[in-house]
Amino acid sequence: MNSKYSSLHTILMRKVLTIIAYYLVLTSILPQLKLLPGYNITVFGAMLAWFFCAGLLHPIFFIRLRIHTFFILFFITYTFLLPYLFGNGTIGNRYLEHGVMLIYYIIYQYNNIFGYNKSSWAII
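Below or above, wherever it landed, is the structure these notes cover.

Conventions adopted
- Residues numbered from 1 in each chain as written.
- Predicted model: local features only at pLDDT ≥ 70, side-chain atom pairs only at ≥ 80, totals over all residues.
- Heavy atoms only, no water.
- Axes fitted to C-alpha atoms, helices over the stretch in contact; angles between N-to-C directions.
- Helix = DSSP H or I, 4+ residues; strand = E, 2+ residues; numbered from the N terminus.
- Parallel < 35°, antiparallel > 145°, perpendicular 65-115°, else oblique.
- Left-handed = near helix turned anticlockwise from the far one by under 90°.
- Contact = heavy atoms within 4.5 Å.
- Nonpolar A, V, L, I, M, F, W, Y, C, P; charged D, E, K, R; others polar.
- Phe/Tyr/Trp six-rings, centres within 6.5 Å; stacked < 30°, edge-to-face > 60°.
- Buried < 20%, exposed > 50% of the residue type's maximum accessible area, 1.4 Å probe, protein only.

With respect to the packing of helix 2 (residues 39-57) against helix 5 (residues 89-113)
Put simply, helix 2 and helix 5 touch, their axes get as near as 11 Å, and they point 25 degrees apart. Classed by the angle they form, the pair helix 2 and helix 5 counts as roughly parallel. Crossing hand, helix 2 versus helix 5: left-handed. Here Asn40, Val43, Phe44, Met47, Trp50, Phe51, Ala54 and Leu57 of helix 2 lie close against helix 5, whose contacting residues are Asn93, Leu96, Val100, Ile103, Ile106, Ile107 and Tyr110. A class-by-class count of the residues in the contact of helix 2 with helix 5 yields 13 nonpolar, two polar and no charged.

Shown next, in the form of structure tokens:
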């Protein structure tokens, strides 16, 4: 029974990760979504939700970071949070859009390492 719960949990988490990735792709492709109030908050929330769900499913991915993954996470954190710390949220929002593009590489890496290539093809 425990293994059945485990496999169901894994399948559901993979679906959630794919849905979050779909949302991030849609927000990057459709510029009309940027007109909605709270756009940046929802994108940032989706990014955090993807990292949280991915960390719950396979925490080893974030414990043993590859050098590329580390620098991408550092760049996104530095360029997004630093302008907010100094009161310039407009620049932070612009860098967040670049950060989403870099997140796609992390999503690809995650799917490739754990054998979720089908999810990567579905997102494309």
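Some remarks on the packing of aromatic side chains
Using the criterion set out here, one finds 13 aromatic pairs in the structure. Taking the centre distance of 5.4 Å and the plane angle of 85 degrees together, the rings of Trp50 and Phe51 count as edge-to-face. Here Trp50 and Phe51 have matching classes, each one buried. Seen in terms of ring centroids, Phe51 and Phe62 are 5.7 Å apart; in terms of plane orientation they differ by 65 degrees. Their pairing is edge-to-face. Placement of the pair is Phe51 in helix 2 and Phe62 in helix 3 (residues 60-63), with a sequence separation of eleven residues. Relative accessible area serves as the criterion here: at 18%, Phe51 is assigned to the buried category. Residue Phe62 is classed as partly exposed on the basis of its relative accessible area, which comes to 23%. By the ring-pair criterion, three or more aromatic residues cluster together here, those being Trp50, Phe51, Phe61, Phe62, Tyr110, Phe114 and Tyr116.

Quick word on the environment of Ile41
Position of Ile41 relative to the elements: it lies in helix 2. Assessed through its relative accessible area of 67%, Ile41 is described here as exposed. When the C-alpha positions of Ile41 and His68 are compared, they lie 26 Å apart, and in sequence the two are 27 residues distant.

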